[in-house]
Amino acid sequence: MLGKGGKRKFDEHEDGLEGKVVSPTDGPSKVSYTLQRQTIFNISLMKLYNHRPLTEPSLQKTVLINNMLRRIQEELKQEGSLRPVFVTASQPADPLSDNFREAQPAFSHLASQPLLPTDFVSTTPLESCLTPASLLEDDTFCTSPTVQHDGPTKPPPPALQTVKDSFSSALDEIEELCPAPTSAEAVAAETAADDSKDHPSESNVQKPEGFPESRTAESKLMDSLPGNFEITTSTGFLTDLTLDDILFADIDTSMYDFDPCTSATGAASKMAPVSADELLKTLAPYSSQPVTPNQPFKMDLTELDHIMEVLVGS
Amino acid sequence: FLGAGGGNDIQWCFSQVKGAVDDDVAEADIISTVEFNHSGELLATGDKGGRVVIFQQEQENKTQSHSRGEYNVYSTFQSHEPEFDYLKSLEIEEKINKIRWLPQKNAAQFLLSTNDKTIKLWKISERDKRPEGYNLKEEDGRYRDPTTVTTLRVPVFRPMDLMVEASPRRIFANAHTYHINSISINSDYETYLSADDLRINLWHLEITDRSFNIVDIKPANMEELTEVITAAEFHPNSCNTFVYSSSKGTIRLCDMRASALCDRHSKLFEEPEDPSNRSFFSEIISSISDVKFSHSGRYMMTRDYLSVKIWDLNMENRPVETYQVHEYLRSKLCSLYENDCIFDKFECCWNGSDRQRYFLPSPPCSIVMTGSYNNFFRMFDRNTKRDITLEASRENNKPRTVLKPRKVCASGKRKKDEISVDSLDFNKKILHTAWHPKENIIAVATTNNLYIFQDKMN
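Each residue is numbered by its place in its chain's sequence as written, counting from 1. Whichever chain is written first becomes A and whichever ligand is written first becomes 1, with later ones labelled in order. Thresholds applied to this predicted model are a pLDDT of at least 70 for local features of residues and 80 or more for the giving and counting of side-chain atom pairs; totals over whole chains, interfaces and linings are not thresholded and use all residues. The side-chain values count all of the structure's non-hydrogen atoms but skip hydrogen atoms and water molecules.

Participant: Explain the overall build of chain B here, please?
Facilitator: Helix numbering and strand numbering both begin at the N terminus, where a helix is a DSSP run of H or I of at least 4 residues and a strand a DSSP run of E of at least 2. Helices and strands together make up the secondary structure of chain B, namely two helices and 32 strands. Counting across all 458 residues of chain B, residues that qualify as buried make up 53%. Look at the contacts in chain B between residues 6 or more apart in sequence, and 55% of them connect residues 24 or more apart. All accessibility values rest on the Shrake-Rupley procedure with a 1.4 Å probe; residue burial counts only the protein chains present in the view. Here chain B displays about 20,900 Å² of accessible surface, and carbon together with sulfur accounts for 48% of that area. Relative accessible area decides the class of each residue, using a 1.4 Å probe on protein chains only: under 20% of the type maximum gives buried, over 50% gives exposed, and in between gives partly exposed. Pairs of residues are marked as contacts when any of their non-hydrogen atoms sit within 4.5 Å.

Following this line, the structure appears as structure tokens:
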């Protein structure tokens, strides 16, 4: 975060956004207000999802950031610059499978252009979509005080996203190591990758660079927010992953079925045995865990376990 | 700001500094709580590594009234260890969040220390004698051959080097799902409360296997959660009354006689928002990080991100006094949000009663103190309405030299000796401060150092 003992200099980028906040109704300053709001929204999302602490995150912080996001969403909604279009965000009984159901439509919208809001139809009311249910889970047991996932770092979905991504990147590397082709996946991945490369601007939750049409931008923003916030994050904020890695999710979800009985897919079974060390080396760069100045980089062992299970395929 | 000199103004001088000198801060050494005991003779600190260090004030030299006794290490012990929650695959930090002393009842001292999940009652006792002259054992503990025992003697206590022992007497565990932020001992000295983000529990000091839940703000559907508990404290005199503060800037006063579960407050203290200061960050900066009753219990003080507020318990709709700690940060809130500084939890404290040594004593609870960034800390005199900014820094470490007041220049031309807002070091934050209950001695914790300042004695 901040250097040790170093005096903090304010970002020049930030300077333009500081100062008294203007009300959204001021004509000429509406753009800067929108810009500030956009920035704060992005920062808030990053805070919730980019952080993988080893200890439980502060519930107070999570709640405050969540409230911030909700407030901004309410404002956007009231400004009427979006239509309530979302991917259906039904509460997942099985968080794993639901992520993937949602992953496909969310990603396919990146590949197609132009973005038509009417492509998606929402059957769920706006309020439930706005609430990032994945952030704050219920106690699953009343008596046991320890079962509680607070905040966005509950292990299954984010770990899954990272696992998918690091796995698919690792898959890439492993394929390079051994000559056995996983042809169907590779071809499909390439075509999808090509599509996405043609439309990098579809990643609409990156840093704001001027909004010539704020309305379109905001509607894009809202469209990329299905009830599951993780999708948005993985497209914009895991900056050490390329879009290619994420798009593998589109291809063959059976690869990611962690049930040891059914994971014997073509791809997995064709792979040459890879030692754990090699795997660690390939995985290290793809971990989305940011290195904080005070803490050494640590590999998430649960991720590794998952990956190893799949690779072993039995 | 408060100028040097003039009437009863306290002139603060450096006295001591404890902790490592080098700039490279070991994470475990980060001080997380500071607390004087009821007499002020002992000063306890807790750190991120789960250790408690207790300093003891030397007995003053009666003939030499130039300086108050120095504080030296009295006892060090490991209070909490890191734990692992296997169910959630997350570590439980050993960081000591709060220490609270019990009033002394006998030769031993007792304190409560807590991390995120577990509260422990520690007994700190002195041993300066040991028994010698056993019949069946040698001095080193080996057993004597019984056949060599020809006479009997009575063992006697002989003096030995002072040994201070800390032993855990009670462990209050498994009562908090969320992170404990406060503990507060009741005026009955038999019970205490512990508060986490969503619940407050009432304990009896003798009973560890159960506690009573007295506040529960957890919603049935966690998606509806918008407010958490940030601090709680018992009233200093009414053993049935306590307050808790929230992340939305409200304080609720509850009476345990009203019902078993104090979900409905007796009083709600909340100041309406100032529309001219509204921003995206209004809610976050209104979140209360500390609440402290005055000694009489008539007033309470709260700390939010930018200010300290004094509330009269008889008036719920607004505070009676508000002091701006670092208003110049208001225009920097977006950056402070980005670097997480906006979530820093500053504490605040009242002055104690100054012993009637000087001809102009400060009445108790007439001065409030709190920390800021750049290792600055602030004091506000409620009577004179003057305030002062001081710095805790090793550069000022000449004992008996009065600390120079500091000033931050918000904008425009910076005068000599002023510091501009952009030059402030946000890594150097003073979150924890404590005031001796009886004398003008203050303990100020920087990241990993503890500074002790005293007023200049004339």
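This is not the end of the story, as more comes after the structure.
Participant: What exactly am I supposed to notice about the confidence of the model for chain B here?
Facilitator: Low pLDDT marks stretches whose predicted atomic positions should not be read closely. All names here are of chain B. What pLDDT expresses is the predictor's confidence in each residue, scored from 0 to 100. The predicted model of chain B has a mean per-residue pLDDT of 92, with 94% of residues at 70 or higher. Below pLDDT 50 for its whole length, residues 1–7 participates in 12 contacts with residues either more than four positions away or in separate chains. Scored as a whole, the predicted complex attains pTM 0.68, and scored at its interfaces, ipTM 0.91.

Participant: Explain the confidence of the model for chain A here, please?
Facilitator: All names here are of chain A. Put simply, chain A has an average pLDDT of 52, and 21% of its residues get 70 or more. Across residues 180–253 the pLDDT falls below 50, and counting only partners more than four positions away or on other chains, this stretch makes 142 contacts in the model. The low-confidence segment residues 255–274, where pLDDT is below 50, has 41 contacts with residues more than four positions distant or belonging to other chains.

Participant: Would you explain the state of the cysteines in this entry?
Facilitator: Covalently bonding the sulfur atom of one cysteine to the sulfur atom of another cysteine gives a disulfide. In this description, a disulfide is simply a cysteine sulfur pair whose atoms lie within 2.5 Å. Summed over the entire model, instances satisfying the criterion amount to zero disulfides over all chains. In this structure B:C349 is a free cysteine whose sulfur lies 7.3 Å from that of B:C348, the closest cysteine sulfur available.

Participant: Please clarify how the sheet that holds strand β10 (residues 119–132) of chain B should be interpreted in this entry.
Facilitator: Sheets are built from strands paired through backbone hydrogen bonds, the pairs being either parallel or antiparallel. Residue and element names in this part refer to chain B. For two strands to count as paired, DSSP must find a minimum of two bridges between them. In space, the four strands of this open sheet follow the order β8-β9-β10-β11, with antiparallel pairing throughout. The sheet is open, and its two edges are formed by β8 (98–101) and β11 (156–172), each paired on a single side. Averaged over all adjacent pairs, the angle separating strand axes in this sheet is 25°, with direction ignored. Bridge analysis of β8 against strand β9 (residues 109–114) gives four bridges, and the strand direction is antiparallel. Each residue of the ladder has a partner; that of R100, found in β9, is L112. Axis geometry follows a simple rule: fit a line to the C-alpha atoms, using only the stretch in contact for helices, then measure angles between N-to-C directions, giving values from 0 to 180 degrees.

Participant: Please clarify how the nonpolar core should be interpreted in this entry.
Facilitator: The nonpolar side chains of soluble globular proteins are, as a tendency, buried together. The set of buried Ala, Val, Leu, Ile, Met, Phe, Trp, Tyr and Cys residues whose side-chain atoms join them within 4.5 Å is what this entry labels a nonpolar core. Formed by 37 residues in total, the largest nonpolar core has its most connected members in B:F281, B:Y305, B:L329, B:Y337 and B:I342. Sorting the residues of this core by element identifies α2 (30–49) and α3 (59–79) of chain A together with α1 (282–286) and α2 (333–338) of chain B as the ones contributing at least two each. Per-element accounting of this core gives the leading share, seven residues, to α2(A). For B:L329, the contacting residues outside a window of four places in its chain are B:Y305, B:L306, B:L336, B:Y373, B:V421 and B:F426. Formed by 18 residues, the second largest nonpolar core is a distinct cluster that contains B:I367, B:F377, B:M379 and B:W435.

Participant: What's the story with helix α13 (residues 301–312) of chain A in this structure? I'm lost.
Facilitator: Residues spaced three or four apart along an α-helix face the same direction, because each turn holds 3.6 residues. Residue and element names in this part refer to chain A. Residue count minus one, scaled by 1.5 Å, sets the expected span of a helix. Its 12 residues place the ends of α13 16 Å apart at the C-alpha level, agreeing with the 16 Å of an ideal helix rising 1.5 Å per residue. By the burial criterion, the buried members of α13 are E303, L304, I307, V310 and L311. Buried positions in α13, seen along its axis, are confined to an arc of 125° and lie on one side of it. Away from its buried face by more than 90 degrees, α13 exposes L301 and V312. Along the arc lie the directions from the helix axis toward the C-beta atoms.

Participant: Looking at this structure, I do not really get the sheet that holds strand β25 (residues 367–371) of chain B. What am I missing?
Facilitator: Residues and elements named next belong to chain B. Taken in spatial order, the four strands line up as β24-β25-β26-β27 in an open sheet, and their pairing is antiparallel. Edge positions in the open sheet fall to β24 (348–350) and β27 (387–391), since each of these has one partner strand only. Pairwise comparison of adjacent strand axes, ignoring direction, gives a mean angle of 20° for this sheet. Bridge analysis of strand β26 (residues 376–381) against β27 gives five bridges, and the strand direction is antiparallel. Directly across from M379, in β27, lies its bridge partner I388.

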